[in-house]
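The lines below spell out each chain.
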Amino acid sequence: MAEIKIPKARVAVLLGVNGKTKRKIEERTSTKLKVNSKEGEVEISGEPLEVYQAEPILKAIARGFNPDIALSLRHEENCFELIDIKHYSGNSKNKLSRMKSRLIGTKGKCRITIEQIADVKLSVYGKTVGIIGKIENVHLARIAILDILKGAPHGPVYKKLEERTSKQEE
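Calculation rules
- Per-chain numbering applies: the sequence of each chain, read as written, is numbered from 1 onward.
- Predicted model: local features are reported for residues with pLDDT of at least 70 only, side-chain atom pairs are reported and counted for 80 or more only, and whole-chain, interface and lining totals are derived from all residues.
- Side-chain figures throughout are based on the complete set of non-hydrogen atoms in the structure, without hydrogens or water.
- Burial classes follow relative accessibility: with a 1.4 Å probe on protein chains only, a residue under 20% of its type's maximum area counts as buried, one over 50% as exposed, and anything between as partly exposed.
- To qualify as a helix, a DSSP run of H or I must reach at least 4 residues; to qualify as a strand, a run of E must reach at least 2; elements of each kind are numbered from the N terminus.
- An arc is given here, and it is the one of the directions from the helix axis to the C-beta atoms.
- Any two residues whose heavy atoms approach within 4.5 Å at even a single point are treated as in contact.
- Where helices are involved, their axes are fitted lines through C-alpha atoms of the stretch in contact, as for all axes, and angles between N-to-C directions lie from 0 to 180°.
- When describing relative orientation, an angle under 35 degrees is termed roughly parallel and one over 145 degrees roughly antiparallel, while 65 to 115 degrees is termed roughly perpendicular and anything else oblique.
- In a left-handed crossing the near helix is turned counterclockwise from the far helix by less than a right angle, and in a right-handed crossing that turn is clockwise.
- When residues are grouped by polarity, Ala, Val, Leu, Ile, Met, Phe, Trp, Tyr, Cys and Pro land in nonpolar, Asp, Glu, Lys and Arg in charged, and all others, Gly among them, in polar.
- By convention in these notes, a salt bridge is any Lys or Arg side-chain nitrogen within 4 Å of a carboxyl oxygen on Asp or Glu.
- One requirement defines pairing of two strands: DSSP has to find at least two bridges between them.

Novice: Residues and numbers for helix 1 (residues 8-15), please.
Specialist: Those residues of helix 1 not exposed but buried are R10, V11 and L14. The buried residues of helix 1 occupy an angular sector of 125 degrees when the element is viewed end-on, so they sit on one face. In this structure, helix 1 carries A9 and A12 as exposed residues pointing more than 90 degrees from its buried face. Those residues of helix 1 that are buried are in contact with helix 2 (20-29), strand 2 (31-36), strand 3 (41-46), helix 3 (48-62) and strand 5 (120-125). Just downstream of helix 1, G16 is the residue with a positive phi angle, here 75 degrees.

Quick look at the structure:
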């Protein structure tokens, strides 16, 4: 059994309409979820391996991912990584907001470009950036995201990301 805390705003997404999403997660992971919607606490029970595999799925949903994308973590080749933007912005709310804006870009352009080049899914939620994809692709996307958080211009970051992904495919 394991317990994780999710933002209250994400509880509805986890449950889904009439509990449909929760049931889907329970079926796919062979676990039982007990959700306390007032506190945002989720209790996962089942076999230790299933509980271990269900945890990142719930954490991904908690960090802004669509449940269907989060369920792709059931596959061994996929992983979930979380980057805390506060490590780069410090306690400044303005700097945090600016960094999130740089990562998302105008009309989501930066986020979409990184997703397309690295073949991953990104979610900028609260003070974090979540990445879901194949392990090697998540690593490449992480490098690009960290470069942008450190203030690198977008163009060269995309170019370097494209070079790294094409090297990887060889």
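Novice: So what about the packing of helix 7 (residues 109-118) against helix 9 (residues 154-169)? Which residues, and what values?
Specialist: With their axes 9 Å apart at the nearest point, helix 7 and helix 9 run at an angle of 15 degrees to one another. When the axis of helix 7 is compared with that of helix 9, the two are roughly parallel. Handedness of the helix 7/helix 9 crossing: right-handed. Residues C110, T113, I114, I117 and A118 of helix 7 pack against H154, Y158, L161, E162 and T165 of helix 9. Among the residues forming the contact of helix 7 with helix 9, the class breakdown is six nonpolar, three polar and one charged.

Novice: Outline unusual backbone geometry, supporting the account with residue identities and numerical values.
Specialist: The phi torsion at N18 lies on the positive side, around 55 degrees, for a residue other than glycine. Checked against the element boundaries, N18 lands in the loop between helix 1 and helix 2. The phi torsion at K107 lies on the positive side, around 55 degrees, for a residue other than glycine. With respect to the helices and strands, K107 occurs in the loop between helix 6 (93-104) and helix 7. Given the relative accessible area of 82%, K107 is considered exposed.

Novice: Tell me about the pattern of salt bridges, residues and numbers included.
Specialist: Taken as a whole and judged by the stated rule, the model has seven salt bridges. Salt-bridge contacts for E26 lead to K22; the nearest nitrogen and oxygen are separated by 3.5 Å. On the criterion of helical spacing, the pair formed by E26 and K22 is a turn pair, its members being four residues apart in helix 2. Measuring nitrogen to oxygen at the nearest pair gives 2.5 Å for the salt bridge that ties E81 to R142. Linking E81 in strand 4 (residues 78-84) with R142 in helix 8 (residues 135-149), this pair joins segments that are 61 residues apart in sequence. The class of R142 is partly exposed, set by a relative accessible area of 26%.

Novice: So what about the packing of helix 6 against helix 8? Which residues, and what values?
Specialist: At a closest axis distance of 9 Å, the pairing of helix 6 and helix 8 adopts a crossing angle of 135 degrees. On the basis of their axis angle, the class for helix 6 and helix 8 is oblique. For helix 6 against helix 8, the interelement crossing comes out right-handed. Each of M99, R102 and L103 in helix 6 lies in contact with helix 8, whose residues at this interface are I145, I148 and L149.

Novice: Tell me about the sheet that holds strand 6 (residues 128-134), and please be specific about residues and values.
Specialist: Paired through backbone hydrogen bonds, the strands of a sheet run either parallel or antiparallel to each other. Strand order in the open sheet formed by three strands is 4-6-5, and the pairing between neighbours is antiparallel. Edge positions in the open sheet fall to strand 4 and strand 5, since each of these has one partner strand only. Neighbour to neighbour, the strand axes of the sheet diverge by 15 degrees on average, direction disregarded. Two strands pair when backbone bridges link them, and strand 4 and strand 6 are joined in this way by seven bridges, in the antiparallel orientation. Its bridge partner lying in strand 6, E81 is registered against I131.

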